[in-house]
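So you can see what is in the structure, the chains are spelled out below.
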Amino acid sequence: MAQDSIQRYTASNKGKFFVSWGGNRESYSNSDISFKGEHYDFIIKDVSAADRPKGWHIDYINPTRLTIPQTNFKAGYFISDNYTVSVGLDHMKYVMNNNKTKNIDGYINLPDTESGSIYNGTYNNEAFFVSDDFLQFEHTDGLNYIYAEFSRYDDISKLFKLPNTDKFQINLTEGLAAGMLYPKTNSKLLQKDRYDQFHLAGYGLSAHAGINFTCFKHFFLQLDLKGGYINMPDIRTTNNSIDSASQHFFYIQRVVSFGGIFRI
């Protein structure tokens, strides 16, 4: 049995590469969003948001529409039998819940020639109805978290008395990651022209735990639960580079991914 175990492809991971592709769902904590620009500086407090799921759809594998659903890409390398380094992209979507009454603090003093001047005033933590005409705010193409990750994998197949891990193997995995946020923010603020461009906005930190099912040595399904913190102090909101927003929040992400593992 010992000799047979040593000969199995799955008995050693060092030197293997892996790549995976999948989909996600997110939950976000509420956050205060600050908006600053020429003639205004205010905070909308305790803003809630949701993701925008696509469901099971062919767009996940359609090369021309890969940014439509919420997706996850990761590529990595086993530096030892149990430890990996990898890079990844979590393509999440963040949609502010509109038409809600929130507290607002600050001022708006736009020129009378601008249509958004109807909101001019000084606000002292006052209840305010955040309508679609006042603000639309989304990171929908998307909330892009580009990260580097360090993870551990442990084969737990013996707990289930699996006789041949080259046919079916179960691993536990956990890891830590850090990276940058490069969202494409879809924003319409104070009835100004819509802005919808990519911009380096901040950074993120995350941790994950998951279970990996590997079949026939090279193919795997992985289920991950991921938690993280996002801080974006420089979000573009209009075509004027003076205008910006900032926010920070926590999130929980559920990921289902499929991949391959191999040696070159």
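Scroll up for the structure.
So, a few notes on the structure that sits alongside this text. (Residues numbered from 1 in each chain as written. Predicted model: local features only at pLDDT ≥ 70, side-chain atom pairs only at ≥ 80, totals over all residues. Heavy atoms only, no water.)

1. Let's talk about the packing of aromatic side chains
This structure, assessed with the given rule, holds 22 aromatic pairs. Between Tyr123 and Phe128, the aromatic rings sit 5.6 Å apart at their centres with planes inclined by 80 degrees, giving edge-to-face as the arrangement. With relative accessibility at 12%, the residue Tyr123 sits in the buried group. Classification of Phe128 as buried rests on a relative accessible area of 13%. Among the aromatic residues, those joined into a cluster by ring pairs are Phe35, Tyr40, Phe42, Tyr119, Tyr123, Phe128, Phe134 and Phe137. Just above the ring of Tyr147 sits the side chain of Lys226; from NZ or CZ to the centre is 4.0 Å. Above the plane of the ring of Tyr9 lies Arg263, whose end atom (NZ or CZ) is 5.4 Å from the centre. (Phe/Tyr/Trp six-rings, centres within 6.5 Å; stacked < 30°, edge-to-face > 60°. Buried < 20%, exposed > 50% of the residue type's maximum accessible area, 1.4 Å probe, protein only. Lys NZ or Arg CZ within 6 Å of the ring centre and 35° of its normal.)

2. Observations regarding the pattern of salt bridges
Note that side chains of opposite charge can pair when their charged atoms are close. What the rule picks out here adds up to 7 salt bridges. For the salt bridge of Lys74 with Glu149, the shortest nitrogen-to-oxygen distance reads 2.7 Å. Here Lys74 is found in strand E5 (residues 71-78), whereas its partner Glu149 is found in strand E9 (residues 135-155), with 75 residues between them in sequence. Lys74 gets classed as buried once you look at its relative accessible area, which sits at 10%. You can call Glu149 buried: its relative accessible area is 5%. (Salt bridge = Lys/Arg side-chain N within 4 Å of Asp/Glu carboxyl O. Helix = DSSP H or I, 4+ residues; strand = E, 2+ residues; numbered from the N terminus.)

3. Let's talk about the pairing of strand E1 (residues 17-28)
Sheet topology note: the E1/strand E15 (residues 244-262) ladder contains 12 bridges and is antiparallel. Paired with Gly22 across the two strands is Ser257, which belongs to E15. Here E1 runs beside E5; their pairing, made up of 7 bridges, is antiparallel. Looking across to E5, one finds that Ser20 is bridged to Lys74. (Pairing = 2+ DSSP bridges.)

4. Thoughts on the side chain of Ser86
As for its placement among the helices and strands, Ser86 is situated in strand E6 (residues 83-96). Residue class for Ser86 comes out buried when judged on its relative accessible area of 7%. Sequence-distant contacts of Ser86, defined by excluding residues within four places in its chain, comprise Phe18, Lys74, Ala75, Gly76, Tyr147, Ala148 and Glu149. (Contact = heavy atoms within 4.5 Å.)

5. Points about the nonpolar core
By size, the foremost hydrophobic cluster in this structure holds 35 residues, and its most contacted members are Phe35, Phe42 and Phe134. If one sorts the elements of this core by residue count, E9 sits on top with 5 residues. Sequence-distant contacts of Phe134, that is, excluding residues within four places in its chain, are made with Phe42, Ile44, Ile104, Ile108, Tyr119, Phe128, Lys188, Leu189 and Leu190. Core analysis: the second largest hydrophobic core is formed by 5 residues, Phe78, Tyr153, Phe220 and Ile261 among them. (Core = buried A, V, L, I, M, F, W, Y, C linked by side-chain atoms within 4.5 Å.)

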